[in-house]
Amino acid sequence: MYVHFDGYPASKLPLLLAAYQYRFAGHVEAITRHLIDEVHHGWEELGTDLLDGAPAALRRSLTGGRGVPQPPANQPVQH
């Protein structure tokens, strides 16, 4: 999900809260480590893999049904 296009908190906070609750099971250290240390492209683009473990209806609501994987560290972000 491209962050700079609509990077306002109202559009990204629900994604980050769902990631915190479902993928990272409420572990602040785990989500912090992922977002700071493991996302090699910064926050320019966040993958919908952050929603792994979230209910399907919530995933559809937050992504419009699109799946966007986080780009690998050696692959430049394409827009």
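Residues numbered from 1 in each chain as written. Predicted model: local features only at pLDDT ≥ 70, side-chain atom pairs only at ≥ 80, totals over all residues. Heavy atoms only, no water.

*Asks:* Would you mind going over the overall build of the protein with me for this structure?
*Replies:* Along its length, the protein carries three helices and zero strands. Starting at the N terminus, the α and β elements of the protein follow one another as α-α-α. Evaluated residue by residue, the protein yields a buried proportion of 30% over its 79 residues. A sequence separation of at least 24 residues applies to 58% of the contacts in the protein between residues at least 6 apart. Accessible surface, the protein as shown: approximately 5,000 Å² in total, 57% of it carbon and sulfur. (Helix = DSSP H or I, 4+ residues; strand = E, 2+ residues; numbered from the N terminus. Buried < 20%, exposed > 50% of the residue type's maximum accessible area, 1.4 Å probe, protein only. Contact = heavy atoms within 4.5 Å. Areas by Shrake-Rupley, 256 points an atom, 1.4 Å probe, with all protein chains shown as cover.)

*Asks:* Honestly, unusual backbone geometry in this entry has me stumped. Any pointers?
*Replies:* Keep in mind that most residues, glycine aside, have a negative phi and that most peptide bonds are trans. The backbone phi angle of A25 is positive, close to 50°, even though this residue is not glycine. Of note, A25 is situated in the loop between α1 (9-23) and α2 (28-38). Overall, the relative accessible area of 51% leaves A25 in the exposed class.

*Asks:* Sorry, what's going on with α1 here?
*Replies:* In this model α1 runs 20 Å from its N-terminal to its C-terminal C-alpha over 15 residues, within 8% of the 21 Å that 1.5 Å per residue would give. All buried positions along α1 are accounted for by K12, L15, L16, A18 and A19. Buried residues of α1, seen end-on, are gathered within an arc of 160° and therefore sit on one face of the element. With respect to the buried face of α1, the exposed residues turned more than 90 degrees away are P9 and A10. (Expected span 1.5 Å × (residues − 1). Arc of directions from axis to C-beta.)

*Asks:* What's the story with α2 in this structure? I'm lost.
*Replies:* In an α-helix, one turn spans 3.6 residues, which is why side chains three or four residues apart end up on the same side. Looking at α2, one finds that the buried residues are I31, H34 and L35. Burial along α2 is one-sided: seen end-on, the buried residues are contained in an arc of 85°. In α2, the exposed positions angled more than 90 degrees off the buried face are occupied by E29, I36 and D37.

*Asks:* Sorry if this is basic, but what is going on with the packing of α1 against α2 here?
*Replies:* To describe two helices that pack against each other, one gives the angle between their axes and the distance between the axes. Two elements in contact, α1 and α2, have axes whose closest approach is 9 Å; the angle formed by their N-to-C orientations is 125°. Classed by the angle they form, the pair α1 and α2 counts as oblique. Crossing angle aside, the handedness with which α1 passes α2 is right-handed. Facing α1, whose interface residues are L16, A19, Y20 and R23, α2 presents V28, I31, H34 and L35. (Axes fitted to C-alpha atoms, helices over the stretch in contact; angles between N-to-C directions. Parallel < 35°, antiparallel > 145°, perpendicular 65-115°, else oblique. Left-handed = near helix turned anticlockwise from the far one by under 90°.)

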